[in-house]
Amino acid sequence: MIFESLPTTPRSDELIDKAFSRAARTGRAKQNKLEAQQSMLQTASNILSDNLENVVVEWPDFGTVDPFYYELADAIVDVDEVRKSLSEVMWASRQVDNIAREYQPKLRKTDADLARKHRKQAFARMASVVEEVEDDLLRIGEARDALKNLPDIRPDEPAIVVAGYPNVGKSSFVNDVTRASNEIARYPFTTKGVQIGHFDRDRIRYQIIDTPGLLDRPEDERNDIERQAVSALEHLADAVIFVADASGACGYPIESQLELRDAVKARFEERDIPVLTVCNKSDRSTDMDADLYMSVETGENVEAVLDAAVEAIGFEPDIPPSRNE
């Protein structure tokens, strides 16, 4: 996952202490006092400039990030603000390097005392630059902590999103078709956790995703983060299985369930994403119009539902031509 390997973001005071203490050790190792000042300047500027630059380059380019992860990231942190902070930190890296270049000639062909004075001036200016981006480093660090545990969902693999009111059998369905090869993890956009499973068809791995807290209630009951997370799912989903329960056992009238289905269908079909209506608990009731009927409890037609979703996706992997072609 693109954010999980992001390193810890240092604080400005940590960077300054690290750079100047290392520079002091470098200076003490030099017998020539003039060379000591020159070495201290170079060491401190390298540490500050390199560490600041590394903060930026370790982040992915949001301009090339898959739309699913971009939308998901923007649902949790303000991507524009993070990008501004990354730009400010890169500016600080270049400023530190410029200060070092400005003072390096001043430390040559002079006496040790004046060189020490110039070096201390350079250190003060470098510290001021790093302190100027303290808030940006904090923002980047907070964004890193918020994003590093985003779900490990792969946009290059076909994905089936499961929707429907609570207690209609969505989780049981996902558990059944993935043979318990699913993971349940909690992310900032849902308090109940996203359930992700996998299954194979014709040597192709499919992802199947249940998102309690997102697609199990009407749009007007979702908060801003949840709405944007749903928007991210629009970029990810290749098909949607909307599970309904006509038996009444779930606690929601079938009319309400179908209203939610219509809203989900309208939203995803705008992107030409097929939505299959599946009546679960068909051993109790089939009193609704649906594309398919199944009973996860008895196992009836469960595989047929999965096959229908796979067929609706029609995924064809990119297979390189053989050498003989």
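Residues numbered from 1 in each chain as written. Predicted model: local features only at pLDDT ≥ 70, side-chain atom pairs only at ≥ 80, totals over all residues. Heavy atoms only, no water.

Asker: When you look at helix 6 (residues 134-147) in this model, what are you seeing that I'm missing?
Answerer: Structural remark: α-helix, 3.6 residues per turn; residues separated by three or four positions point the same way. Across its 14 residues, helix 6 extends 20 Å between first and last C-alpha, which sits within 8% of the 20 Å expected from 1.5 Å per residue. Of all the positions in helix 6, only E134, D136, L137, I140, G141, A143, R144 and L147 are classed as buried. Among the structural elements, helix 1 (12-28), helix 2 (33-57), helix 3 (67-76), helix 4 (79-103) and helix 5 (112-132) are those in contact with the buried residues of helix 6. (Helix = DSSP H or I, 4+ residues; strand = E, 2+ residues; numbered from the N terminus. Expected span 1.5 Å × (residues − 1). Buried < 20%, exposed > 50% of the residue type's maximum accessible area, 1.4 Å probe, protein only. Contact = heavy atoms within 4.5 Å.)

Asker: Please clarify how the pattern of salt bridges should be interpreted in this entry.
Answerer: Two side chains with opposite charge may pair up if their charged atoms get near one another. What the rule picks out here adds up to 22 salt bridges. As a salt-bridge pair, E234 and R271 come within 3.2 Å of each other at their nearest N and O atoms. Separated by 37 residues along the polypeptide, E234 in helix 8 (residues 224-236) and R271 in the loop between helix 9 (254-269) and strand 6 (275-280) bring together distant segments of the chain. For E234, a relative accessible area of 9% translates into the label buried. Three or more residues joined by partner-sharing salt bridges are found here, namely E219, R222, D224, R227, E234, R267 and R271. (Salt bridge = Lys/Arg side-chain N within 4 Å of Asp/Glu carboxyl O.)

Asker: Before we go on, may I ask you to explain the domain arrangement of the protein chain in this structure?
Answerer: It is common to give the size of an interface as the accessible area that goes away when the parts come together. Under the domain assignment used here, the protein chain contains domain 1 (12-148) and domain 2 (159-313). Computed from C-alpha atoms alone, the centre-to-centre distance between domain 1 and domain 2 is 48 Å. Every contact between the two is made by eight residues of domain 1 and, on the other side, 10 residues of domain 2. The junction of domain 1 with domain 2 conceals about 820 Å² of combined surface from both sides, 71% of it contributed by carbon and sulfur atoms. Area buried by domain 1 at its contact with domain 2 is led by F68, E71 and A75, which between them contribute 58% of it. At the surface where domain 1 touches domain 2, the tally comes to one residue pair in polar contact (both at pLDDT 80 or more). Here the residues of the side of domain 1 that touches domain 2 sort into six nonpolar, no polar and two charged. (Domains from an automatic or database assignment. Buried area = accessible area lost by both parts, 1.4 Å probe. Polar contact = N/O pair within 3.5 Å; in protein donor to acceptor, adjacent residues only side chain to side chain. Nonpolar A, V, L, I, M, F, W, Y, C, P; charged D, E, K, R; others polar.)

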